[in-house]
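# Coordinate inspection notes
Single-letter residue listing:
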Amino acid sequence: MSILVFAEHDNSELKADTLKTVAAAQAIGGDIHLLVAGHNCQAIAEAASKVNGVSKVLVADNAAYEHQLAENVSLLVTELAADYSHIMATALTTGKNFMPRVAALLDVTQISDIIAVESSDTFVRPIYAGNAIATVQSLDSKKVITVRSTGFDAVATDGNAEIIALDKVTDAGISSYVSEQLSVSERPELGAASVIISGGRGMQNGENFKLLDGIADKLGAAIGASRAAVDAGFVPNDMQVGQTGKIVAPDLYIAVGISGAIQHLAGMKDSKVIVAINKDAEAPIFQVADYGLVADLFDALPELESKL
Amino acid sequence: MKVLVPIKRVIDYNVKVRVKADNSNVDLANVKMAINPFCEIAVEEAVRLKEAGIATEVIAVSIGNKSCQEQLRTALALGADRAIQIETDESLDSINVAKLLQKIVEEEQPQLVILGKQSIDSDNNQTGQMLAALTGMSQGTFASAVSIDGDKVNVTREVDSGLQTLALTLPAIVTTDLRLNEPRYASLPNIMKAKRKPLVVKAAADFGIDLTARTNLIKVTPPAERKAGIIVESIDELVEKLKNEAKVIS
Ligand SMILES: Cc1cc2nc3c(=O)[nH]c(=O)nc-3n(C[C@H](O)[C@H](O)[C@H](O)COP(=O)(O)OP(=O)(O)OC[C@H]3O[C@@H](n4cnc5c(N)ncnc54)[C@H](O)[C@@H]3O)c2cc1C
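Residues numbered from 1 in each chain as written. Chains lettered and ligands numbered in written order. Predicted model: local features only at pLDDT ≥ 70, side-chain atom pairs only at ≥ 80, totals over all residues. Heavy atoms only, no water.

### Description of the overall build of chain A
From N to C terminus, chain A includes eight helices and 16 strands. Scaling as 2.2 N^0.38, a compact globule of 308 residues should have a C-alpha radius of gyration of about 19 Å, and chain A matches this with 20 Å. Along the longest, intermediate and shortest principal axes, the C-alpha atoms of chain A span 60 × 40 × 40 Å. A burial count over chain A gives 60% of its 308 residues as buried. Here the contacts in chain A between residues at least 6 apart in sequence split such that 65% fall between residues at least 24 apart. Summing over all exposed atoms, chain A offers an accessible surface of approximately 11,200 Å²; the carbon and sulfur share of this is 46%. Here chain A contributes 21 positively and 38 negatively charged side chains, and the mean placements of these two sets differ by 4 Å. (Helix = DSSP H or I, 4+ residues; strand = E, 2+ residues; numbered from the N terminus. Rg over C-alpha atoms; globule rule 2.2 N^0.38 Å. Buried < 20%, exposed > 50% of the residue type's maximum accessible area, 1.4 Å probe, protein only. Contact = heavy atoms within 4.5 Å. Areas by Shrake-Rupley, 256 points an atom, 1.4 Å probe, with all protein chains shown as cover. Lys, Arg positive; Asp, Glu negative; His and termini not counted. Charge placed at Lys NZ, Arg CZ, Asp CG, Glu CD.)

Now the structure itself:
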């Protein structure tokens, strides 16, 4: 078996999630190659060559791949696919965007968001917002798979893979990049943080999210949010944790003013330790919390900050 | 221009699903069903394009047994002009759903197809992208804003790092994210009117597509239960527990 893993990156940094997707590939077993598709991404190729368990790094460095447009990347991956039994990517917005296109071009169905590998054709994935766990066998000849990184432990990075430049350019010419609005933060990314503190509708407004800052500073935490807090415009969309936002599993997750709807729980209930601060003792979040504090968050947060 | 909106009948989002005792699947007997929330957002967006004078006709399509006509009627009540049901009793893999939709795209020639980014039952997040690939269309997934600009559509997408805007050549596929719009409630007169709007039924078997299953569902189990936690009485107690019991802070 040979497995092609798409390296998740933004042309400046190889995302740590890739190390977890490679771990999923190792669980399947076989020769593993990483694909780096981007522009001016030589540094990514170098970083990718250090990923343990990878024998080759294929680099497609071209302006057509700069923004990893689904139309262009899917053509590239589909052309490469002939040599592989499994094509894998991390289930983040880039992989979710282009991978089903690859699957369709190969006439296979995609196995999305796997959290465990049973064998080379059988995988475990959550369905119904994580309220059920399905074991699914793929009957297709080639497997196209996206991997939920919270299901796997990162591989180490002291490897030494061969780097091979690809000169293929696949530009579908039907889509183009216009602009982006990136959230800039000094804090760790939600997917990589070992501590996360999230605020919900109970925070009342965006200004009050500052109450989380001091605590996040002391704990080295990332800051997340519920859908309600994002919808209300308190914080940007990339902070949403949940079934249809980011899936996280840190060592410590602190939910503040979040009721605990199933869609929110779907994104965080695999956290090692969960703390809930809510003034409503009946809030469902307390059913998944290891430590619950029934309190007004406007009293609790300043006190917590001062006592850490 | 015509806008096609594929929709799916799914469990109501407020319902917590249970797994069958024999672990063969989830138990949907007597469970409240509804239009998938992301599909509802897709219908709303199409109807708004029609109200803005950009779309000329909004066609809703659903694949399923007779019960999905209920969701097609919902789409009609929200403002879709006509509906197509592709009848099947099977639960199809996404690739086969996309192939059936491809046939409808070939028949109807829409300039824009708007789908939900994922259905809240199988959580696959793939049908829209697959349809785009099969029809050779461009795609704007996870959309939070859509604007038609001549022969292009600009789509702002919710991505991990923030927002990204793309320009897509029409015809194009858009998949909706939560913040694209807030769907309206269907008014009683519109619900009545929807009953008289055209709804045609076509058999999935008549499309000449091999719909053989690509996956085999081996088992479905409930998720691991978290062990019951405790209520702490004070911040002091919380900090003490996190330090000494859970050992997650120092
Ligand atoms: C298709 C779909 C997808 C969805 N995806 C997601 C998703 O990915 N992520 C997500 O989070 N949600 C998602 N949702 C929304 C979800 O159903 C809930 O609506 C949302 O999670 C609620 O957010 P919340 O807990 O912040 O708000 P609420 O449910 O309004 O809860 C606010 C909480 O704050 C508490 N509170 C208020 N004031 C205070 C105070 N002063 N001190 C302490 N506590 C206080 C209240 O007691 C309450 O429990 C989705 C919904 C749908 C339909």
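### Focus: the overall build of chain B
What chain B contains, in helices and strands, is six helices and 15 strands. Taking the principal axes of the C-alpha coordinates as reference, chain B spans close to 65 × 45 × 40 Å. Put simply, chain B has 250 residues, and 52% of those count as buried. Excluding contacts between residues fewer than 6 apart, the proportion of contacts in chain B whose partners are at least 24 apart in sequence is 69%. Accessible surface computed for chain B: about 11,000 Å², of which carbon and sulfur atoms make up 48%. Charged side chains of chain B number 31 positive and 33 negative; the gap between the two group centres comes to 2 Å.

### Notes on the interface of chain B and chain A
Facing 78 residues of chain B, the contacting portion of chain A comprises 80 residues. Summed over both sides, the interface of chain B with chain A buries roughly 6,600 Å², with 54% coming from carbon and sulfur. If you sort the residues of chain B by the area they bury against chain A, D160(B), R226(B) and I235(B) come out on top, with a joint share of 12%. Our count for the chain B to chain A interface comes out at six salt bridges. Measuring nitrogen to oxygen at the nearest pair gives 2.8 Å for the salt bridge that ties R214(B) to D140(A). Here chain B and chain A share 47 residue pairs in polar contact (both at pLDDT 80 or more) between them. Secondary-structure elements contributing two or more residues to the side of chain B that touches chain A are α3 (94-108), α4 (127-135), β9 (138-149), β10 (152-159), β11 (162-169), β14 (215-221), β15 (230-232) and α6 (235-244) of chain B. Residues of the side of chain B that touches chain A, tallied by class, amount to 38 nonpolar, 22 polar and 18 charged. Here seven bridges tie strand β11 (residues 175-182) of chain A to β11(B), and the two strands are oriented antiparallel to one another. The residue bridging Q181(A) from the neighbouring strand is L163(B), located in β11(B). (Buried area = accessible area lost by both parts, 1.4 Å probe. Salt bridge = Lys/Arg side-chain N within 4 Å of Asp/Glu carboxyl O. Polar contact = N/O pair within 3.5 Å; in protein donor to acceptor, adjacent residues only side chain to side chain. Nonpolar A, V, L, I, M, F, W, Y, C, P; charged D, E, K, R; others polar. Pairing = 2+ DSSP bridges.)

### Side note on the site of the ligand
Near the ligand you find 30 residues, and of these R201(A), S226(A), Q240(A), S259(A) and N278(A) are the closest. One of the backbone N or O atoms of G245(A) is found 3.4 Å from an oxygen atom in the ligand. In the model, an oxygen atom of the ligand is placed 2.7 Å from a nitrogen or oxygen of the S259(A) side chain. Considered on its own, the ligand offers 990 Å² of accessible surface; in the complex 86% of this is hidden by protein. Those elements giving two or more residues to the shell around the ligand turn out to be α6 (227-231), α7 (262-265) and α8 (297-307) of chain A together with α1 (37-51) of chain B. Classifying every residue of the shell around the ligand by side-chain character gives twelve nonpolar, 13 polar and five charged. (Near = heavy atom within 4 Å.)

### So, the environment of I209(B)
Residue and element names in this part refer to chain B. Mapped onto the elements, I209 comes out in the loop between β13 (199-203) and β14. Residue I209 is classed as buried on the basis of its relative accessible area, which comes to 18%. Between the alpha carbons of I209 and K99 there is a distance of 7.5 Å; along the sequence they are 110 residues apart. Sequence-distant contacts of I209, defined by excluding residues within four places in its chain, comprise K99, L100 and K103.

### What to know about the sheet that holds strand β2 (residues 31-38) of chain A
Residue and element names in this part refer to chain A. Strand order across the open sheet formed by seven strands is β5-β9-β4-β1-β2-β3-β10, with parallel pairing between neighbours. In this open sheet, the two strands that pair with only one neighbour each are β5 (110-114) and β10 (162-165). Strand-to-strand twist of the sheet, defined as the mean angle between neighbouring strand axes without regard to direction, takes the value 25°. Looking at chain direction, β2 and strand β3 (residues 54-61) are connected through seven bridges and run parallel. Note on β3: the bridge partner recorded for G38 is D61. Contacts between helix α2 (residues 42-49) and the sheet are confined to β2, β3 and β10, with β3 contributing the most and set at about 170° to the helix. Sitting on the sheet, helix α3 (residues 70-80) touches β1 (2-6), β2, β3 and β4 (86-90), and the angle it makes with β2 is about 155°. (Axes fitted to C-alpha atoms, helices over the stretch in contact; angles between N-to-C directions.)

### Let's talk about the packing of aromatic side chains
Using the criterion set out here, one finds two aromatic pairs over all chains in the structure. If you follow K117(B) out to its NZ or CZ, it ends over the ring of F142(B), 5.7 Å from the centre. (Phe/Tyr/Trp six-rings, centres within 6.5 Å; stacked < 30°, edge-to-face > 60°. Lys NZ or Arg CZ within 6 Å of the ring centre and 35° of its normal.)

### Quick word on the packing of α8(A) against α6(B)
For any two helices packed against each other, one specifies the inter-axial angle together with the distance between the axes. Axis separation between α8(A) and α6(B) bottoms out at 10 Å; the angle between their running directions is 45°. One element, α8(A), and the other, α6(B), form an angle in the oblique class. At the point where α8(A) passes α6(B), the crossing takes the right-handed sense. Where α8(A) approaches α6(B), its residues A300(A), E303(A), L304(A) and K307(A) are matched on the opposing element by I235(B), D236(B) and V239(B). Here the contact of α8(A) with α6(B) is composed, by residue class, of four nonpolar, no polar and three charged. (Parallel < 35°, antiparallel > 145°, perpendicular 65-115°, else oblique. Left-handed = near helix turned anticlockwise from the far one by under 90°.)

### Some points on unusual backbone geometry
Cis peptide bonds are those with omega within 30 degrees of zero, and the linkage from L170(B) to P171(B) qualifies with 0°. Relative to the helices and strands, P171(B) is located in the loop between β11 and β12 (172-176). Of note in this structure, A129(A) is not a glycine but carries a positive phi near 55°. Its place among the elements puts A129(A) in the loop between β7 (122-127) and β8 (132-138). Even without glycine at this site, Q109(B) takes up a positive phi of about 50°. As for its position among the elements, Q109(B) is in the loop between α3 and β8 (112-116). Q109(B) sits in the exposed class, given a relative accessible area of 55%.

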